[in-house]
Amino acid sequence: MAESIVSDGDLDVRDEYEQRAYRDWFPGTLEPAGEAVAGRWREPQGIGLAGAIAPFYALGGPRAVAIALGAAAAFAFVLAALLARRMVPEPWATVGAGAVGLSPPVLGNATAILPGLLAGGLLVLAMLCALSLRERSSRVPAVVGAVALAALPWLDPWLLVPGAPVAVALVTWAARAPGRSGRRMSGLLPAEIMLASLVFCATLDDGLFGGVSPRAASPAPSPPLSDHLGRIVGLWVDRDAGLLRWAPVLALAGVAAWAVWRSRREGLGRALPARREAELAAMLALSVCVGQWLVAVIAAPGIDPRGFPGASWAPALPATAALCGWGLRRAPRAGAVLVALTLAASAWLLIALRTGSAPSWDAPPRAPWGPLADAFPLAGTVAATVVGVAALVVLAGLAARADQGAV
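Here, residues in each chain are numbered from 1, in the same order as that chain's written sequence. Owing to the predicted nature of the model, reporting of local features is limited to residues with pLDDT of at least 70; listing and counting of side-chain atom pairs is limited to 80 or more, with chain, interface and lining totals taken over all residues. By convention in this description, side-chain values take in all heavy atoms of the structure and omit both hydrogens and water.

Asker: Which parts of the structure should I look at to understand the overall build of the protein chain?
Answerer: Scanning the protein chain from N- to C-terminus turns up 18 helices and two strands. Only protein chains enter the accessibility calculation, which uses a 1.4 Å probe; a residue is then buried when its area is under 20% of its type maximum, exposed when over 50%, and partly exposed in between. Burial analysis of the protein chain (407 residues in total) assigns 48% to the buried set. Between two residues, a contact is recorded if the distance between any of their heavy atoms is within 4.5 Å. When contacts within the protein chain are restricted to residue pairs at least 6 apart in sequence, those whose partners lie at least 24 apart make up 73%. If you sum the accessible surface of the protein chain, you get close to 18,800 Å²; carbon and sulfur atoms cover 66% of it. Counting from the N terminus, the helices are DSSP H or I runs at least four residues long and the strands are E runs at least two residues long. For the accessible areas, the method is Shrake-Rupley and the probe is 1.4 Å, while residue cover comes only from the protein chains on display.

Asker: What is the right way to read the environment of Leu59 from this model?
Answerer: For Leu59, the location among the structural elements is in helix α3 (residues 47-85). Using a relative accessible area of 76% as the deciding quantity, one classes Leu59 as exposed. Here the alpha-carbon distance between Leu59 and Val6, two residues 53 residues apart in the chain, equals 10.0 Å.

Asker: Can you walk me through α3 in this structure?
Answerer: What a helix should span is 1.5 Å times the count of its residues minus one. Its 39 residues place the ends of α3 only 34 Å apart at the C-alpha level, less than the 57 Å of an ideal helix rising 1.5 Å per residue. By the largest-angle criterion, Gly60 marks the main kink of α3, which is about 130°, and a proline, Pro62, follows within four residues. The reported bend at a residue is simply the angle between two axes, fitted to the 7 residues ending at it and to the 7 residues beginning with it.

Asker: Would you take a moment to explain the side chain of Asn109 for this structure?
Answerer: Looking at where Asn109 falls in the secondary structure, it is placed in helix α5 (residues 104-109). For Asn109, a relative accessible area of 6% gives the class buried. Leaving out residues up to four positions away in the same chain, Asn109 has contacts with Leu114, Leu117, Phe308, Pro309, Gly310 and Ala311.

Asker: What's the story with the packing of aromatic side chains in this structure? I'm lost.
Answerer: For any pair of aromatic rings, the description rests on two quantities: the centre-to-centre distance and the angle between the ring planes. Centres within 6.5 Å are what make two rings of Phe, Tyr or Trp a pair, Trp counting through its six-membered ring; a difference in plane orientation under 30 degrees is then read as stacked, over 60 as edge-to-face, and the rest as tilted. For the structure on display, the rule yields six aromatic pairs. With a centroid separation of 5.5 Å and 50° between ring planes, the pair formed by Trp258 and Trp261 is classed as tilted. Residue Trp258 and its partner Trp261 are located together in helix α13 (residues 251-266), separated by three residues, close to a single helical turn. Given the relative accessible area of 28%, Trp258 is considered partly exposed. The exposure class assigned to Trp261 is partly exposed, which follows from its relative accessible area of 46%. Members of the aromatic cluster, each reached through a chain of ring pairs, are Tyr17, Tyr22, Trp25 and Phe26. Criterion for a charge above a ring: Arg CZ or Lys NZ at most 6 Å from the ring centre, at most 35 degrees from the ring normal. Sitting over the face of the ring of Trp173, Arg134 holds its NZ or CZ atom 5.1 Å from the ring centroid. The ring of Trp246 carries Arg245 above its face, with NZ or CZ at 4.0 Å from the centroid.

Asker: What's the story with the packing of helix α6 (residues 116-132) against helix α9 (residues 160-175) in this structure? I'm lost.
Answerer: Helix packing geometry: the angle between the two helix axes and the distance between the axes. With axes taken as lines fitted to C-alpha atoms, and helix axes fitted only over the stretch in contact, angles between N-to-C directions fall between 0 and 180 degrees. The interhelical angle for the contact between α6 and α9, taken along N-to-C directions, is 25°, at an axis separation of 9 Å. Considered as vectors, α6 and α9 are oriented roughly parallel to each other. The handedness of the crossing between α6 and α9 comes out as left-handed. Judged by residue contacts, Leu123, Ala126, Met127, Cys129, Ala130 and Leu131 of α6 engage Pro162, Gly163, Val166, Ala169, Leu170 and Trp173 from α9. Its residues placed into classes, the contact of α6 with α9 shows 11 nonpolar, one polar and no charged. In this scheme, roughly parallel covers angles under 35 degrees and roughly antiparallel covers those over 145, while 65 to 115 is roughly perpendicular and the rest are oblique. The handedness criterion is simple: a crossing whose near helix is rotated anticlockwise from the far helix by less than a right angle is left-handed, and one whose near helix is rotated clockwise is right-handed. Note on residue categories: nonpolar means Ala, Val, Leu, Ile, Met, Phe, Trp, Tyr, Cys or Pro, charged means Asp, Glu, Lys or Arg, and polar means any other residue, Gly included.

Asker: Honestly, the pattern of salt bridges in this entry has me stumped. Any pointers?
Answerer: Once their charged atoms are close, side chains differing in charge can pair, the charge on each being opposite to the other. Here, a salt bridge means any side-chain nitrogen of Lys or Arg that lies within 4 Å of a carboxyl oxygen of Asp or Glu. Summed over the entire model, instances satisfying the criterion amount to four salt bridges. With a shortest N-O distance of 2.5 Å, Arg85 and Glu90 are connected by a salt bridge. You can call Arg85 partly exposed: its relative accessible area is 48%. Of the charged contacts in the structure, one is a salt bridge between Arg134 and Glu277, with a shortest N-O distance of 3.0 Å. With Arg134 in the loop between α6 and α7 (139-150) and Glu277 in helix α15 (residues 273-298), this pair connects stretches of sequence that are 143 residues apart. Judged by relative accessible area, which is 30%, Arg134 ranks as partly exposed.

Asker: Sorry if this is basic, but what is going on with empty space enclosed by the protein here?
Answerer: Where empty space is left can be seen by rolling a probe of water-molecule size over the atoms. A 1.4 Å probe that fits but cannot get out identifies a cavity on a 1 Å grid over protein atoms alone, an open set with protein on both sides within 12 Å along at least five of seven lines counts as a pocket, and a residue lines either if it has an atom within 4 Å of a point. Grid points are joined across faces, edges and corners, and a volume is the space filled by probe spheres set on the points. Overall, the coordinates contain one cavity of 30 Å³ or more when judged by the stated rule. Lining the largest cavity we find Leu69, Ala72, Ala73, Asn109, Ala110, Ala112, Leu114, Leu117 and Leu118. If you list the elements that add at least two residues to the lining of the largest cavity, you get α3 and α6. For the lining of the largest cavity, the residue count by class is eight nonpolar, one polar and no charged.

Asker: Would you take a moment to explain a nonpolar patch on the surface for this structure?
Answerer: Patch membership requires more than 30% relative accessible area and the absence of a salt bridge. Residues of like charge join within 9 Å; the nonpolar side chains Val, Leu, Ile, Met, Phe, Trp and Tyr join within 5 Å. Side chains of Trp158, Val161, Val290, Leu294 and Ile298 sit close together on the surface and give an oily, nonpolar patch of about 420 Å² of accessible area. Broken down by element, the residue count for the nonpolar patch peaks at three residues, all from α15. As for its placement among the helices and strands, Val161 is situated in helix α9.

Asker: Just to check I follow, could you spell out the environment of Ser263 for this structure?
Answerer: Within the fold, Ser263 resides in helix α13. As a C-alpha pair, Ser263 and Arg276 span 13 residues in sequence and 9.1 Å in three-dimensional space. In this structure, Ser263 is in contact with Leu268, Arg275 and Glu279, ignoring residues within four places of it in sequence. Here Glu279 takes part through its side chain, which lies 2.4 Å from a polar atom of the side chain of Ser263. Within 3.5 Å is the distance limit for a polar contact, defined as a pair of N or O atoms, with the added protein rule that one can donate a hydrogen and the other accept it, and that residues adjacent in sequence qualify only through two side-chain atoms.

Asker: I'm lost on the nonpolar core in this one. Help?
Answerer: Considering soluble globular proteins, one finds that nonpolar side chains tend to be buried as a cluster. Grouped together as the largest cluster of nonpolar side chains are 83 residues, with contacts concentrated most on Leu83 and Met87. The greatest single-element share of this core, amounting to 13 residues, is contributed by α3. Sequence-distant contacts of Met87, that is, excluding residues within four places in its chain, are made with Ala278, Ala281, Ala282, Ala285, Ala322, Leu323 and Trp326. Each nonpolar core is a collection of buried residues, namely Ala, Val, Leu, Ile, Met, Phe, Trp, Tyr and Cys, held together in the definition by side-chain atoms within 4.5 Å. Ranked by size, the runner-up nonpolar core spans six residues in total, among them Leu11, Ile47, Leu208 and Phe209.

Shown next, in the form of structure tokens:
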């Protein structure tokens, strides 16, 4: 799509397929993913990513695009560390965000031509803007947060699901921001920006793709119900593409979720204003994770799409990284082991790619578990369900034990 924009100034990719314009960066034959709409061939992806990368593609081709998206991914985890600082002090915030930022799912997807980590950075930016409105009234964070959220449907309409709770928080806290002057205007402004973008995006998609979503141009059938059920647990523990199989440090997000629940139940936020703000930041990050989990289960193309594992969770990876800081503080010893395993997996992966023992990102090694990787179940099996339940029990026990430590 970026090639079509740069060479023709349109989104009709029929001539790009006929001329094999992809031959410089894709070996073999690339099959179309979309179909003809009103006599023009469309690809079922949002036009936002294609439009954003088109300038970089014009300057330096796919390599320049990969560098730009990698820089955006790195910035997303800088923002994640700032969000984590609203939950826990240093060094937990930076270590937790940094460990996730250097994990195999992030390294494998950072330079992929996909909107996931770019969207993740926009979500964290919007969360920071929403939280800042709780401290003082200002149009700048309200507008910046609204623009960040307004860009999500252009990247992928399904990003509206994890973005919805952030949008509600942004509008609500803008309306309640300290200071009477312009209170109502501050609340309406971000809502108007997001609504205008959504209406314009849906109208344009209807004209270009024949539906309110670019996926209307996709002839692919919906997966069966069994696939959706298999992804509920397989997203985390699948032998090939499970997040905990590749980045054990992400288990700390579960510890953080438990810690937030305990903190809310004990009412610590009512006595400690700083704890109340930390709880709100964590709950906002958790809402993004829950929303993206629903998207990954319902709408993702599969538990193991082409490319490196974790693509379906990429929009929530920066938010998850922020939560891992809280989890690391609650369970420092176990967290140190999980961080070490994750960094070892990244080193293993990079060395394997460098030495040629792993031919490409699409065929990664068995890091960090080696032969023990076979102990992970395959998605959709009974074993996957059993392992998933066992993992929840272990996380609950770990978090309960952490309750005996520092709050």
